[in-house]
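Here's the letter readout for the chains.
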Amino acid sequence: MRAILLAAGQATRLRPLTDNCPKCLLSVGDESILERAVRILGERGIQKFTVVDGFCGDMIRETLGATFPDFDFRFIRNEVYQTTNNAWSLMLADCTPGEPIFLLDSDILFEPSVIDTLLAGDAPNRLGLRTTGCVGEEEMKVSLGEDGRVVNLTK
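Residues numbered from 1 in each chain as written. Predicted model: local features only at pLDDT ≥ 70, side-chain atom pairs only at ≥ 80, totals over all residues. Heavy atoms only, no water.

1. Overview of helix α1 (residues 33–43)
α1 sits mainly inside the fold: nine of its eleven residues count as buried. G45 sits one or two residues past α1 and shows a positive phi near 95 degrees. (Buried < 20%, exposed > 50% of the residue type's maximum accessible area, 1.4 Å probe, protein only. Helix = DSSP H or I, 4+ residues; strand = E, 2+ residues; numbered from the N terminus.)

2. Section: the confidence of the model for the protein chain
Here the protein chain averages 88 in pLDDT, while 99% of its residues score no lower than 70. Ranking the elements of the protein chain by mean pLDDT puts strand β7 (residues 141–144) last, at 83, and α1 first, at 97. (pLDDT = per-residue confidence, 0-100.)

3. Considerations on the pattern of salt bridges
In this structure the tally under the stated criterion is 13 salt bridges. Note that D147 and R149 form a salt bridge whose closest N and O atoms lie 3.6 Å from each other. When its relative accessible area of 58% is taken as the criterion, D147 is described as exposed. Under the relative-accessibility criterion, R149 is labelled exposed at 61%. Overlapping salt bridges bring together E31, R39, E43, R44 and D116 as one network. (Salt bridge = Lys/Arg side-chain N within 4 Å of Asp/Glu carboxyl O.)

4. Section: helix α2 (residues 57–67)
An α-helix turns once every 3.6 residues. As a result, residues three or four positions apart point the same way. For α2, every residue scored as buried is listed here: G57, I60 and L64. Looking straight down α2, one finds its buried side chains confined to an arc of 60 degrees; they lie on one side. Exposed positions of α2 whose direction lies more than 90 degrees from the buried face are E62 and A66. (Arc of directions from axis to C-beta.)

5. Here's the deal with the nonpolar core
Ranked by size, the top nonpolar core spans 25 residues in total, and within it V38, L41 and F49 carry the most contacts. Elements with a contribution of two residues or more to this core: β1 (2–7), α1, β4 (48–53), α2, β6 (101–105) and α4 (112–120). Per-element tally for this core: the top contributor is α1, with five residues. (Core = buried A, V, L, I, M, F, W, Y, C linked by side-chain atoms within 4.5 Å.)

6. What about unusual backbone geometry?
Of note in the backbone geometry, C56 takes a positive phi value of approximately 55 degrees without being a glycine. Following the sequence through the fold, C56 ends up in the loop between β4 and α2. The class for C56 is partly exposed, based on a relative accessible area of 25%. Phi at D94 takes a positive value of approximately 50 degrees, unusual for a residue other than glycine.

What follows is the structure, given as structure tokens:
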């Protein structure tokens, strides 16, 4: 399985914290959000990664290469990150047909058990999401049909 990590954005709403550092490299505890995600995935056997970067992409590449020298990283630059979104970055990832992927935004904090649940599922396509608490204006909204399948994804 290959993990696709989308890491191109500027996170302008977090300025000045993100003036010179991508959101995914902000530290939470002893490691960055991105390093934590890669470590958790690596502990579960995923060690092949395609990372689509953009803003401060060289910083992301250097950090991952230094922290995880034994992992297989393929880096792709989204040169137009300022005017595009994650859908464009995912298209640039150029996934190999038939290869299972684990898609993850690089700036998401999650409990390791979320990954365990997703990997243990038997459906061919799975989506991890929070189902309790308040949902803000900027958060993704998911609508499920009566059969439990996703029928709509939107902000």
